[in-house]
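Letter by letter, the chains look like this.
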Amino acid sequence: MMSGRNLYQKVLEEFGHSIVTGVFPPGHHTTVAELEARYGISRSVAREVVRVLENLRLLRSSTKVGIVVTEPSEWNLLAPEVIRWRLDSSGKAFQLRTLTELRRGIEPTAARYAAQRVTWQQIQELRRSAAEMKELGRAGKGDSQEFLAADIRFHAALLAASGNEMLAALEGTISAILRGRNELGMTPALPADENLDNHVALADALADGDVQRAERLAAAIVDVVEQEVIQPAVG
């Protein structure tokens, strides 16, 4: 029998995904009682699912109209859950493009500041993660969980090294982009050698305090991702 927590997570994923993919379109009305019956869950689980989806701004509740699915313009598009559900939809090519454009705006800026503020400990983390990515990528394990973990650590360290709390707060968003791409089989087993080298070179540029080179390499990393991932998805 599924535990209460697992049941809650299953219903949250199913209902959230159904909203984002248009199974339940904007304006769709429902009630806690309907959710109980549809998913075979208790009232407390149904209310918790609704609460989380309201926090993500996918639902809106009122005493007059009940629970209503909101317009996409209202959603918290940077939330990891929403990113994951949108990537797992027919609009994944558009989502990948917009997410990559977001990374293009964030990571070179983070690299620019990181070159001025990075700590010794952060440099070590960046170098360890980049070296692990290079080893795994050249062994044909670019789509492995180990590669994904190293990739997430690298980019989290980059954002943290910026010394800007607003940029660092985007760690969950960037991690969700990387994780969602991996889960959907969009990460190549053999990443481009150029990009594996770019990660190593970026760590070195940060260590050297080379602002312009760090910014350029961070942009190049995202540009190669666009070639590897977005163009095949669109095609």
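The structure presented is a predicted model; accordingly, all values stated were derived computationally and were not measured.

Calculation rules
Residues numbered from 1 in each chain as written. Predicted model: local features only at pLDDT ≥ 70, side-chain atom pairs only at ≥ 80, totals over all residues. Heavy atoms only, no water. Core = buried A, V, L, I, M, F, W, Y, C linked by side-chain atoms within 4.5 Å. Buried < 20%, exposed > 50% of the residue type's maximum accessible area, 1.4 Å probe, protein only. Helix = DSSP H or I, 4+ residues; strand = E, 2+ residues; numbered from the N terminus. Contact = heavy atoms within 4.5 Å. Salt bridge = Lys/Arg side-chain N within 4 Å of Asp/Glu carboxyl O. UniProt positions renumbered as here; feature names shortened; annotations may be inferred. Axes fitted to C-alpha atoms, helices over the stretch in contact; angles between N-to-C directions. Parallel < 35°, antiparallel > 145°, perpendicular 65-115°, else oblique. Left-handed = near helix turned anticlockwise from the far one by under 90°. Nonpolar A, V, L, I, M, F, W, Y, C, P; charged D, E, K, R; others polar.

1. Some details on the nonpolar core
Counting 42 residues, the largest nonpolar core has Leu126, Leu158, Leu202, Leu206 and Ala214 as the members making the most contacts within it. Here the element with the most residues in this core is helix α7 (residues 145–161); it accounts for 9 residues. When near neighbours in sequence (up to four residues on either side) are disregarded, Leu202 contacts Ala111, Phe154, Leu158, Ala214, Leu217, Ala218 and Ile221. Core analysis: the second largest hydrophobic core is formed by 26 residues, Val11, Ile19, Tyr39 and Val50 among them.

2. Side note on the pattern of salt bridges
Side chains that differ in sign of charge can pair as their charged atoms come close. Per the counting criterion, the structure on display carries 16 salt bridges. Glu125 serves as the salt-bridge partner of Arg153, at 3.4 Å between the closest nitrogen and oxygen. With Arg153 in helix α7 and Glu125 in helix α6 (residues 120–138), this residue pair connects regions lying 28 residues apart in the sequence. A network of salt bridges, in which partner residues are shared, links Glu125, Arg128, Glu132 and Arg153.

3. Considering the UniProt feature "domain: HTH gntR-type" (unreviewed entry) in the protein chain
The sites that UniProt annotates as "domain: HTH gntR-type" (unreviewed entry) are residues 5–72. Along residues 5–72 the backbone is 54% helical and 15% strand, and the end-to-end C-alpha distance reaches 28 Å.

4. Structural notes on the side chain of His199
Position of His199 relative to the elements: it lies in helix α10 (residues 193–208). Given a relative accessible area of 4%, His199 falls into the buried group.

5. What about the packing of helix α4 (residues 80–87) against helix α9 (residues 171–183)?
The interhelical angle for the contact between α4 and α9, taken along N-to-C directions, is 25 degrees, at an axis separation of 9 Å. Here α9 runs roughly parallel to α4, going by the angle between their axes. As for how α4 packs across α9, the hand of that crossing is right-handed. Here Pro80, Ile83, Arg84 and Leu87 of α4 lie close against α9, whose contacting residues are Gly172, Thr173, Ala176, Ile177, Gly180, Arg181 and Glu183. Tallied by class, the residues present in the contact of α4 with α9 amount to 5 nonpolar, 3 polar and 3 charged.

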